[in-house]
Each structure stands twice: as structure tokens, then as C-alpha cells.
Amino acid sequence: MAPQRCQTSLTDRTGGWVIQTVSLSVHRFDRRRDRLWALGQMALARRDFAAMDGCTFWRLCGSGTGEGFTPRPNPAVWAILAVWSDPCTARDRVAHAPVYRRWCDRATECWTLFLSPISARGAWGGRTPFAPGPGGPGPVASLTRARIRVRDMGRFWQREPAVSARIGADPEVLFKIGIGEIPWRNQVTFSVWPDAHAMARFARTGAHAEAVRAVRAGDWFSEELYARFRVTGESGAWTGIPRLAPTAEAA
């Protein structure tokens, strides 16, 4: 289905920012057969996204157990991260593209956050997928993606329990999940906060700050990407998570 027409510039026609939209869709599969199906989609759904009009970058990811930031895979929760040319295309594809419909038809629950990049530094698979624009009010999200050097995987994961315990106890975090393309080595941490100040308070102190210093001192990552987003919308629902932004229909 073709996307709706919409305004895609934040300024005038002379060359303002394009409103790039990033979607993170998480799916929970309760039945064993559906979990096996989702595992198979890590290979099969690549064809859908490779041919998807308006999608400039995508990744299919598994998740971790516990607070999410753990080396133990969670076979029940799988995620799709995609970058879209504009907000209307993002919402149309998530709502109507056959690959998303298949996933939601099998999942117990589905939830998508729509995000607008406000800062990005680093690369993902040799690419720079996010095009930052201006910020705005409302919740903000943090994404860190790293490819861990094989020699340093043990030391990296030794830091995990303290970081997971701290973010799990933080009353300000609205949502958190650890996902990854390749278990143990290619990792993504994603969290949503009420504002940039709450996010900064967590990042600059305690176990998280100590882990960052250890990563820098030991050069544990062969590739890394740090990005921040404004939460611009959502569709679906996730158990225990309050509404973070207007629904796609309201937006």
C-alpha cells in the first residue's frame, strides 16, 4: 500500500531538515511454535525489508532476559528496528506491510515506538543510519549499539549485573530493553526516559558510568553507535508500560 502524502520538512522548501522516522517494534510470542517461527524470521524477513519502499535501514533482533541487558537470550521477545524516509511512510508500513502483519498476527502483544533522531555518533555495520534533527518536548530515548571485540566479551559481560540492577531500580526509566543481531557480540541497549535530564542522571553516575570508563580504557568495542531520539508516537501496547506518546491515529 502506498504511503499517505504528508509534509516531510521541518522548515521551508529551500532545504530544511527531513523528518526521518525510526521505528522500534517489539513482539512477544508465548507459544513455542510461534517462538520457533520468530527465530526463522531472522533470516526469512530479510527479503521483505530488502524490498521495502521507503525503508533506508533495518535490523531484526533477539532480546535478553531479566532487565533485558543480559547475555541470556529471551526466546519470547523479538524486535524490528527500521529507519523510514518520513513519518507517514513509517506509520503506514508498520500498520499495513505484510511482514509486520505476519508478526503481529502470531504475537501475543505488539508495540511500536516512533522516534525522531536528535543526535547520533558512530556507525552501525559501517553505515550512519540516523539523520539528527531538532529536539522537542516529551520523552526521550537512548540507543547504544556496540560490536564487542571477541577478546573482551568476558570482561564486558562481567559488568552487566551491576548495570542491569541499577537501571532496573531506577524509578525514572519508562521502558528498557536489550536487543541484538548476534548473541553476546553485537548488542543494542534501548531505554526511554521522561526527559533528557533524567537520562543524563543515569548515564553519568554509578555502575553505568564505571562501565563506560572501562570500555574506553580497554578499547572493548570494534564499532559503536550512540543515538538519542524524541518519542513522537506509538502504536499497540506493551504489558506494564504506560502510554508514552499519542497513538499513530491521534498523531
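Refer to the preceding data block for the structure.
The paragraphs below set out a description of the structure included in this document. (Residues numbered from 1 in each chain as written. Predicted model: local features only at pLDDT ≥ 70, side-chain atom pairs only at ≥ 80, totals over all residues. Heavy atoms only, no water.)

What follows concerns the overall build of the chain. Along its length, the chain carries 8 helices and 8 strands. In the chain, of all internal contacts separated by at least 6 residues, the share reaching a separation of at least 24 is 75%. Approximately 12300 Å² of the chain is accessible, and the part contributed by carbon and sulfur atoms is 55%. (Helix = DSSP H or I, 4+ residues; strand = E, 2+ residues; numbered from the N terminus. Contact = heavy atoms within 4.5 Å. Areas by Shrake-Rupley, 256 points an atom, 1.4 Å probe, with all protein chains shown as cover.)

Let us now look at the environment of Ala76. As for its position among the elements, Ala76 is in strand β3 (residues 73-84). Judged by its relative accessible area of 7%, Ala76 falls in the buried class. Once the C-alpha coordinates of Ala76 and Ala107 are considered, the two residues, 31 residues apart in sequence, prove to be 9.3 Å apart. Beyond its immediate stretch of four places on either side in the chain, Ala76 contacts His27, Arg28, Phe29 and Arg35. (Buried < 20%, exposed > 50% of the residue type's maximum accessible area, 1.4 Å probe, protein only.)

A word on the nonpolar core. Judged by nonpolar contacts, the single largest core of 30 residues is most densely connected at Phe130, Leu143 and Phe190. Listing elements by their share of this core, those giving two or more residues are β1 (21-28), β2 (55-64), β3, β4 (109-122), β5 (140-148), β6 (175-182), β7 (186-193) and β8 (221-236). By residue number, the principal contributor to this core is β3, which donates 5 residues. Counting residues in each nonpolar core, the second largest holds 23 residues, with Trp58, Ala90, Trp103 and Cys110 among its members. (Core = buried A, V, L, I, M, F, W, Y, C linked by side-chain atoms within 4.5 Å.)

Below, the discussion takes up the pairing of β7. Side-chain direction in a regular strand flips from residue to residue, so the side chains alternate between the two faces of the sheet. Extensive coverage of β7 is indicated by the burial of 7 of its 8 residues. Both β6 and β7 contribute to a ladder of 7 bridges, which runs antiparallel. The residue of β7 that forms the bridge with Ile182 is Asn186. Once β6 ends, the chain turns through 3 residues before running back antiparallel as β7, passing Trp184 with a positive phi of about 75°. (Pairing = 2+ DSSP bridges.)

Next up on the list: the sheet that holds β4. Taken together, 8 strands build a closed barrel; the order of strands is β1-β3-β2-β6-β7-β5-β8-β4 and the barrel is antiparallel. Direction aside, neighbouring strands of the sheet carry axes that sit 30° apart on average. For β5 and β7, the ladder comprises 8 bridges, and the chain directions are antiparallel. Bridged to Arg145 within β7 is Val188. In the packing of helix α4 (residues 98-106) onto the sheet, contacts are made with β1, β2, β3 and β4, and the angle to β3 comes to roughly 155°. (Axes fitted to C-alpha atoms, helices over the stretch in contact; angles between N-to-C directions.)

Here the focus is helix α1 (residues 32-44). Along its 13 residues, α1 runs 18 Å from first to last C-alpha, staying within 8% of the 18 Å computed at 1.5 Å per residue. Those residues of α1 that sit buried are Asp34, Trp37, Ala38, Gln41 and Met42. The arc enclosing the buried residues of α1, seen along the axis, measures out at 165°, which places them on a common side. Turned more than 90 degrees away from the buried face of α1 sit Arg32 and Arg33, all of them exposed. On the buried face of α1, the contacting elements are α2 (46-50), β2, β3 and α4. (Expected span 1.5 Å × (residues − 1). Arc of directions from axis to C-beta.)

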